[in-house]
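# Topology and contacts: notes
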Amino acid sequence: MSAADIETPLIGGPQPVASNNDDSPLNGVTVGVVTFPGSLDDRDAVRAVRLAGGSAVQLWHGDHDLHEVDAVIIPGGFSYGDYLRAGAISRFAPLMEQIARAASGGPDALPVLGICNGFQVLTEAHLLPGSMIKNNHLHFICRDQRLRVENAETSWTSAYARDEEIVIPLKNQDGQFVADNRTLDELEGEGRVVFRYVDGNPNGSRRDIAGISNIAGNVVGLMPHPEHAVEAGFGPDSSARGEVGVRGGTDGLGIFTSVLKKLVG
Amino acid sequence: MPRIVVDVMPKPEILDPQGKAIAGALPRIGLTGFAGVRQGKRFELTVDGEVTAEVLEQARHAATTLLSNPVIEDVTRVEVIEEDGQ
C-alpha cells in the first residue's frame, strides 16, 4: 500500500475508500469520518482507518444520512473556528443528531470516537460528561504524549492490554478536561477513564484524564491524536513499545484495529 | 430595536485561565488594586419588534442550551434593553 493509493477528496459526499483485500471479513464494513467546516484531521482519520485494514466513508456534517456506516469518527480540528466554545456549534449539525441517536442504546449501539475537537463535540452533545477549557498554561501545546490505556474493553481500545502505555501526538489549546468531583468519581468508579496522561499532566486536566467513555463503552473521546501515529515515517519519534526510528511510532493504530475487530465480531 | 442581553460567566469553582492571565497583565500597566479577574461573555440578541414573553423565554432557552455550557458556565443575566445603552 502506498500513499498514492489513499488519495481522498478534502470534503464532499460519501467516498468509499475500499480495502485492497477482496476476501477480507472487513468487506462491507465501513467507518464514517465526519467533516465539519474547520475540521483538520478528517483525512488523517480516513487514512488511519484504511491503514488498520478497514474502509472509510467521508460524511458531511450538514447531511441527514449516516450512509449505513458501522462506526463514526469525529476528527480533530477547529470546527466552526471554535466560535462560542469548541464544539458548541457543531453539536447542532444535522448529522450530529443522527450520530447521537445511533450512539445511544447500549453496547451494540454505533461505536463513536471523538478525537480532540471531536471529543469536545461529544461533550457538548452530552454523549460524554465533562467539558474542555483552555489549557492551564494558556499555550497551544504540540508534543508527543505518553498515555496509559486504563480500560481495554471499550469498542476502541480492545487491541491494547489494560494499563498498556502508548505514545501519540497531543496538539491543542482547549485541552483541559474538567468536571465536578461527583462526575469524576463516577468516571473512576465505573472504569470510564480510558486514557490517562503519564509523565506529567500537559494541560491541567482533572486527575490527569486524557480520554473517557460512556457507560456502554461504545462512545470514546480523547484529546491526543491516535490517527497521527499509525504509519512508520509519519508518526512520533518514540513509542511506548521500545525504540523506534525517526517518526516511527505507530502506537495509535490499535484504536482503529480495535473498532474493526469489534465490528466483525 | 430592543435587545436581550445574556451574560455568561465561568462557574466560580472552575479555574478561569484567561482571567488569570489578564490579572497577571494588570500590574504591567501599573494597576495593582485588583485581587483577581474573571472573564465572561456578553451576548446581545436583537429582536425585530416587541419582546414578548415567548421571545424572552426563547432567549432563556438559548442561554442555557447554546450560549452557555452548564458544566463550566453560569448564565448570570437575561435582560431586555430597550434603547441604546441601559
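Along each chain, the written sequence defines residue order, and numbers are assigned to residues from 1. Whichever chain is written first is A, and whichever ligand is written first is 1; the rest continue in order. Per-residue local features of the predicted model are confined to residues with pLDDT of at least 70, and side-chain atom pairs are confined, for both listing and counting, to 80 or more; whole-chain, interface and lining totals are unaffected and use all residues.

Under the DSSP-based scheme used, a helix requires at least four consecutive residues in state H or I and a strand at least two consecutive residues in state E, with every element numbered from the N terminus. Each helix and strand counted, chain A has five helices and eleven strands in total. In this treatment the radius of gyration is a C-alpha quantity, and the globule benchmark scales as 2.2 Å times the residue count to the 0.38 power. At 17 Å, chain A has a C-alpha radius of gyration in line with the 18 Å of a compact globule built from 265 residues. By the burial criterion, 56% of the 265 residues in chain A qualify as buried. Each residue is represented by a C-beta atom placed from its backbone, and any two residues with such atoms within 7 Å are regarded as in contact. Expressed as a percentage of contacts within chain A between residues at least 6 apart in sequence, the contacts between residues at least 24 apart total 74%. Note on burial: count the other C-beta atoms lying within 10 Å of the residue's C-beta; 20 or more is buried, 12 or fewer is exposed, in between is partly exposed, and C-beta positions come from the backbone.

Residues and elements named next belong to chain A. Pairing between strands is defined by DSSP: at least two bridges between them are needed. Two strands pair when backbone bridges link them, and strand β6 (residues 141-149) and strand β7 (residues 164-172) are joined in this way by nine bridges, in the antiparallel orientation. What sits directly across from R143, in β7, is L170. Bridging between β6 and strand β9 (residues 193-197) involves three bridges; their strand directions are antiparallel. Across the sheet, the residue bridging to L147 is Y197, located in β9.

The next point concerns the sheet that holds strand β2 (residues 55-60) of chain A. All names here are of chain A. Strands sit in the order β2-β1-β3-β4-β11-β10-β9-β6-β7 across an open sheet of nine strands; the sheet is mixed. In the strand order of this sheet, the two ends are held by β2 and β7, each with one partner. On average, adjacent strands in this sheet sit at an angle of 20° to one another, irrespective of strand direction. Summarising the sheet, strand β3 (residues 71-74) and strand β4 (residues 112-115) pair through three bridges and their orientation is parallel. Paired with I74 across the strands is G114, a residue of β4. Fitted lines through C-alpha atoms serve as axes, helices being fitted only where they are in contact, and the angles separating the N-to-C directions of these axes extend from 0 to 180 degrees.

Counting residues in hydrophobic clusters, the biggest one holds 71 residues, and the most contacted among them are A:V72, A:V112 and A:F256. Sequence-distant contacts of A:V72, defined by excluding residues within four places in its chain, comprise A:G32, A:V34, A:I99, A:L110 and A:V112. One finds B:I4, B:V6, B:V8 and B:V78 within the second-largest nonpolar core, a separate group that totals seven residues. In this usage, the nonpolar core is the set of buried Ala, Val, Leu, Ile, Met, Phe, Trp, Tyr and Cys residues whose C-beta atoms join them within 7 Å.

Now for helix α1 (residues 42-51) of chain A. Residues and elements named next belong to chain A. Of all ten residues in α1, nine are buried; the element is thus mostly enclosed. All buried positions along α1 are accounted for by D42, R43, D44, A45, V46, R47, A48, V49 and R50. Residues of α1 that are buried sit in contact with β1 (30-35), β2, β3, β4 and α5 (253-263). Backbone geometry just after α1 places G53 at a positive phi near 105°.

On to the interface of chain B and chain A. In this assembly, nine residues from chain B lie in contact with eleven residues from chain A. Tallying contributions element by element places helix α1 (residues 17-25) of chain B first for the side of chain B that touches chain A, with three residues. Note on residue classes: Ala, Val, Leu, Ile, Met, Phe, Trp, Tyr, Cys and Pro are nonpolar, Asp, Glu, Lys and Arg are charged, and everything else, Gly too, is polar. Considered class by class, the residues forming the side of chain B that touches chain A number seven nonpolar, two polar and no charged.

What follows concerns helix α3 (residues 117-124) of chain A. All names here are of chain A. Extensive coverage of α3 is indicated by the burial of eight of its eight residues. Buried within α3 are the following residues: N117, G118, F119, Q120, V121, L122, T123 and E124. Buried residues along α3 sit in contact with β3, β4, β5 (131-133) and β11 (219-222). Looking one or two residues past α3, H126 carries a phi angle of roughly 65°, positive in sign.

The predictor rates its confidence in each residue with pLDDT, a number between 0 and 100. Per-residue confidence for chain A gives a mean pLDDT of 92, with 91% of residues at or over 70. The low-confidence segment residues 6-15 of chain A (pLDDT under 50) makes 20 contacts with residues lying over four places distant or belonging to another chain.

Here the focus is the environment of A:G106. For A:G106, the location among the structural elements is in the loop between α2 (94-103) and β4. By the C-beta count within 10 Å, which is 9 here, A:G106 ends up exposed.

A few words on the pairing of β11(A). All names here are of chain A. Because side chains alternate across β11, one face comprises the buried residues V219 and G221, and the other comprises V220 and L222, equally buried. The pairing of strand β10 (residues 209-213) with β11 spans three bridges and is antiparallel. Paired with G211 across the strands is L222, a residue of β11. Connecting β10 to the next strand, β11, in antiparallel fashion are five residues, including G217 with a positive phi near 85°.

This part takes up the environment of A:G254. In this fold, A:G254 is placed in helix α5. Filtering out sequence-adjacent residues up to four positions away, A:G254 remains in contact with A:A159 and A:Y160.

In this section: unusual backbone geometry. Residues and elements named next belong to chain A. Despite not being glycine, E68 has its phi angle at roughly 55°, a positive value. Relative to the elements of secondary structure, E68 occurs in the loop between β2 and β3. Looking at E68, the number of C-beta atoms within 10 Å reads 10, which means it is exposed. Positive phi is not limited to glycine here, since R207 has a value of about 50°.

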